[in-house]
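Results of the structural survey
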Amino acid sequence: MSLTRSLISCSTALQTLLSTKQFYALLTVCCCKLSIFVFAASECFPPCGFQGKNAVYNCVTCKYDSCEFPLDCPVKEMQVEENNRTRMMCDVPFRLPKNVEVVWRFAEEVKTQKVTLFEDVTTGVDVLYSIPATSLQHTGTYQCEIYSDGRSIVRLYFYLTVTPQVAVGHTELQEVFDLCLLPGGQLLPGSDDGPPSIFHPTLVLLTVCFTSVLLVIHLSLG
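Residues numbered from 1 in each chain as written. Predicted model: local features only at pLDDT ≥ 70, side-chain atom pairs only at ≥ 80, totals over all residues. Heavy atoms only, no water.

Looking at an unreviewed UniProt entry, one finds the protein named Ig-like domain-containing protein, with Takifugu rubripes as its source organism.

So, in C-alpha cells, the structure goes:
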C-alpha cells in the first residue's frame, strides 16, 4: 500500500514539474547548447544561395530553419584590357551536393540580373569560365547558375568591361608627345656636349613628335 502511494506521489510531482515554465526554459537552454555542439558545422553563408543542408537549428521549435537567402548573388564587376585572358570562377562558400550541373549564360553589353536577357553559353560541370583573348564583344554580364537534381541552388553574376587596346595606345602616344614639348610649346633644345653627330637632336625630336602626332590623329579617326 505504501509503495502504491509512493508511486502516485512521484507521478504527481513529475507531472507538476513538467507543467512548470521553468522546466521548459531549462529544456530550451539544454537544447540550444546541445545544438551548438552537434550542429556547429551547420551555418548559413550570406548573401545568396539555397543552403538547405546548412540550415540553422532552431532551439525553440527543435527544427531546422532555412537560411532564406535569395538565389541571385550581387553582381561582381571585372575590368580587363582587350586581347588579355579573363577567368571567372563560379565558386560559393557553402558545400555543394556531389552531382551538380553548371550553366554559363551571357547578356551582351548590359549590366543586369534579369534572367530573360541571358543566352546559354555552356552547360556541364565546369565552374571555371575562361576567355583566352577578350574583345569588345565580350563586354556584358555573365551568369553562372548551379543546379542539383534539376533544382537551382545559386546564381552568380560577373559584369565584364573590356578596355579597347586603341585607347591604351592613344594614351601612351600622347604621353610621348607631351614629353617632346616644353610648357611654352618649344621643342627641347639639343645639348652641345658629346661628340658631333650627323643627326641633330632637335631634328630627331621633331621627327619623333611629328610621327607621334600623325599616329594620334590616325588612332583618333579610327
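Here the narrative resumes, following the displayed structure.
1. Digging into the overall build of the protein
Looking only at helices and strands, the protein features four helices and nine strands. At a minimum sequence separation of 6, the contacts of the protein that also span at least 24 residues come to 61%. Split by element, the accessible area of the protein, about 15600 Å² in all, is 61% carbon and sulfur. (Helix = DSSP H or I, 4+ residues; strand = E, 2+ residues; numbered from the N terminus. Contact = heavy atoms within 4.5 Å. Areas by Shrake-Rupley, 256 points an atom, 1.4 Å probe, with all protein chains shown as cover.)

2. Notes on the sheet that holds strand 3 (residues 72–81)
Reading across the sheet, the five strands line up as 3-9-8-5-6 and stay open at both edges, with mixed pairing between neighbours. Unpaired on one side and paired on the other, strand 3 and strand 6 (119–124) mark the two borders of the sheet. Each strand axis lies, on average, 20° off the axis of its neighbour in the sheet, ignoring direction. Here strand 8 (residues 140–148) runs beside strand 9 (residues 151–163); their pairing, made up of nine bridges, is antiparallel. When the sheet's bridge partners are listed, Gln-143 is paired in strand 9 with Tyr-157. (Pairing = 2+ DSSP bridges. Axes fitted to C-alpha atoms, helices over the stretch in contact; angles between N-to-C directions.)

3. A closer look at the pairing of strand 7 (residues 128–131)
Going residue by residue along strand 7, you find Tyr-129 and Ile-131 tucked away on one face and Leu-128 and Ser-130 left uncovered on the opposite face. Relative to strand 7, strand 4 (residues 86–89) is paired through four bridges, and the arrangement is antiparallel. Counterpart to Arg-87 in the pairing with strand 7 is Ser-130. (Buried < 20%, exposed > 50% of the residue type's maximum accessible area, 1.4 Å probe, protein only.)

4. A short note on the state of the cysteines
Cysteine pairs can be covalently joined through their sulfur atoms, and such a bond is termed a disulfide. Evaluation of the coordinates by the stated rule reveals three disulfides. Paired by a disulfide, Cys-44 and Cys-67 hold their sulfur atoms 1.9 Å apart. Since a negative S-S torsion denotes a left-handed disulfide, the Cys-44-Cys-67 link at about -85° is left-handed. With Cys-44 in the loop between helix 2 (21–38) and strand 1 (56–58) and Cys-67 in the loop between strand 2 (63–65) and strand 3, this pair connects stretches of sequence that are 23 residues apart. (Disulfide = S-S within 2.5 Å.)

5. Considerations on the pattern of salt bridges
In the structure shown here, the tally under the stated rule is five salt bridges. One salt bridge in this structure joins Arg-155 and Asp-72, with 2.6 Å as the shortest N-O distance. Separated by 83 residues along the polypeptide, Arg-155 in strand 9 and Asp-72 in strand 3 bring together distant segments of the chain. Taking the relative accessible area as the measure of exposure, Asp-72 reaches 26% and is therefore partly exposed. Residues Lys-111 and Glu-77 are paired through a salt bridge, measuring 2.3 Å at the closest nitrogen-oxygen approach. With Lys-111 in the loop between strand 5 (101–108) and strand 6 and Glu-77 in strand 3, this residue pair connects regions lying 34 residues apart in the sequence. Several salt bridges converge on common partners, so that one network encompasses Asp-72, Arg-105, Asp-120, Glu-145 and Arg-155. (Salt bridge = Lys/Arg side-chain N within 4 Å of Asp/Glu carboxyl O.)

6. Notes on the nonpolar core
Formed by 22 residues in total, the largest nonpolar core has its most connected members in Met-88, Trp-104, Tyr-142, Val-154 and Leu-156. Elements that contribute at least two residues to this core include exactly strand 3, strand 5, strand 7, strand 8 and strand 9. Among the elements that take part in this core, strand 9 stands out by supplying six residues, more than any other. When near neighbours in sequence (up to four residues on either side) are disregarded, Val-154 contacts Cys-48, Gly-49, Leu-71, Cys-73, Val-92, Phe-94, Cys-144, Glu-145 and Ile-146. (Core = buried A, V, L, I, M, F, W, Y, C linked by side-chain atoms within 4.5 Å.)

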